[in-house]
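Residue-level listing of the chains:
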Amino acid sequence: MIKCDNLVKIYKSAETEVMALQGLDITIEEGEFMAIIGNSGSGKSTFLNMIGALDVPTAGRLYVDGKDLFKLTKKEIVDYKRKTVGFVWQNNARNLLPYLTARENVLVPMMFGSEKVKGERADELLELVGIGHKANEYPLKMSGGEQQRVAIAVALANNPKILLADEPTGAVDVKTSEHIFDVFRKINKEYNTTVVIVTHDMKLADKVNRVASIRDGKISSEKLSAAFYEKGLESLQGFSEFSILDRANRVQIPRDLLEKAGITGNRVKMDFRDGEIVLSGEDKGEIGSK
């Protein structure tokens, strides 16, 4: 569904250049439910904006649903935003119009088409996210979690193939966060919608099937659950974590592993022993990898 090919993004100002993405490569399959995690400034939101056609790269390619996203015309991009991708923001002021009810907000993306069909679709989506009883209420009379559920319904209004969410639980409490993630999982299972969530919360990230970590503008590691290999598994326990090799066979080694091995500085020794690649510092410390 999504294939990023060596994405680079440089933001320039009069005095500085910031490299948000540094050759990011990743493939996301149709129907995946995954999270992107990373520290502030790691490039995760920039990556999401690329998929949402809200930004363009300095270099590289991005294919979504078989289309080269950065070769589309303006008209095709508008069509892509309407039919292929739905977006949920952390700030509900970007998701909802305050002077419209929940139901009216969901109807906005469906401006064209039969009034009866649109109304039935809006009611169906509000029930799906568990907020049907608030259909005629205005956002300001709802809690943050209720507003976010309406926002998810709005994002699904035109039945997109991909649902993107940028820190969708950042402004709500832990219990509400879990409910919102359960809604995303339900959407993924019932509609086979590809769901990509950016979050800093690893506890919530572990509720998905795959977690990709971005460090310094590149995918540095991935965690895959058993459900990634076997569709239909309810339990997501038993993640396996993998480091990612880039095109030049380079790998990022987490700082905490280097510290545990006593490796400092920027020089390491590399050797192959008994089926393992072994890294060691100039004086002491080793990291082994089969």
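Located above this text is the structure these notes cover.
Below, the structure is looked at part by part. Not measured: the values here are computed from a predicted model. (Residues numbered from 1 in each chain as written. Predicted model: local features only at pLDDT ≥ 70, side-chain atom pairs only at ≥ 80, totals over all residues. Heavy atoms only, no water.)

Read from one edge to the other, the open sheet built from 4 strands follows the order β2-β1-β4-β5, with strand pairing classed as antiparallel. The two strands at the open ends of the sheet, each matched to only one other strand, are β2 (17-28) and β5 (67-68). Pairing of strand β4 (residues 59-64) with β5, which is carried by 2 bridges, proceeds in the antiparallel orientation. For Val64, the partnering residue across the bridge sits in β5 and is Lys67. Packing against the sheet, helix α1 (residues 44-51) makes contact with β1 (2-12), β2 and β4, and its axis sits at approximately 60 degrees to β2. (Pairing = 2+ DSSP bridges. Helix = DSSP H or I, 4+ residues; strand = E, 2+ residues; numbered from the N terminus. Contact = heavy atoms within 4.5 Å. Axes fitted to C-alpha atoms, helices over the stretch in contact; angles between N-to-C directions.)

Before going further, it helps to spend a moment on the side chain of Gln147. Here Gln147 is to be found in helix α6 (residues 144-155). For Gln147, a relative accessible area of 16% corresponds to the buried category. Once residues within four sequence positions are removed from consideration, Gln147 is found in contact with Asn92, Leu96, Pro139 and Met142. (Buried < 20%, exposed > 50% of the residue type's maximum accessible area, 1.4 Å probe, protein only.)

Moving on, we come to the environment of Arg267. Position of Arg267 relative to the elements: it lies in the loop between α10 (255-260) and β12 (269-273). On the basis of relative accessible area, Arg267 is assigned to the exposed category, the value being 54%. As a C-alpha pair, Arg267 and Leu279 span 12 residues in sequence and 9.9 Å in three-dimensional space. Excluding anything up to four places from it in sequence, Arg267 contacts Gly281 and Glu282.

What follows covers the nonpolar core. One finds Val106, Ile152, Leu163 and Phe184 to be the most contacted residues of the largest nonpolar core, which totals 36 residues. Contributing elements (two or more residues each) for this core: β3 (33-37), α4 (102-107), α5 (115-128), α6, β7 (162-166), α7 (174-191) and β8 (194-198). Of the residues forming this core, the biggest block, 6 residues, is contributed by α6. Here Val106 is in contact with Ala122, Leu125, Leu126, Val150, Ala153, Val154 and Ala157, once residues within four sequence places are set aside. Counting residues in hydrophobic clusters, the runner-up holds 30 residues, among them Leu7, Met34, Trp89 and Val198. (Core = buried A, V, L, I, M, F, W, Y, C linked by side-chain atoms within 4.5 Å.)

Pairing of β12 with strand β13 (residues 276-280) involves 5 bridges; the strand directions are antiparallel. For Met270, the partnering residue across the bridge sits in β13 and is Leu279. Linking β12 back to β13 in an antiparallel pair, the connection comprises 2 residues, with Asp274 at a positive phi of about 50 degrees.

Between its first and last C-alpha atoms α6 spans 16 Å; for 12 residues at 1.5 Å apiece the expected length is 16 Å, and the two agree. Along α6, 11 of the 12 residues are buried, which leaves the element largely enclosed by surrounding structure. Along α6, the positions that sit buried rather than exposed are Gly145, Glu146, Gln147, Gln148, Arg149, Val150, Ala151, Ile152, Ala153, Val154 and Ala155. (Expected span 1.5 Å × (residues − 1).)

What follows deals with the side chain of Thr101. Within the secondary structure layout, Thr101 lies in the loop between α3 (92-95) and α4. Excluding residues that lie within four positions of it along the chain, Thr101 makes contacts with Ala135, Asn136, Glu137 and Tyr138.

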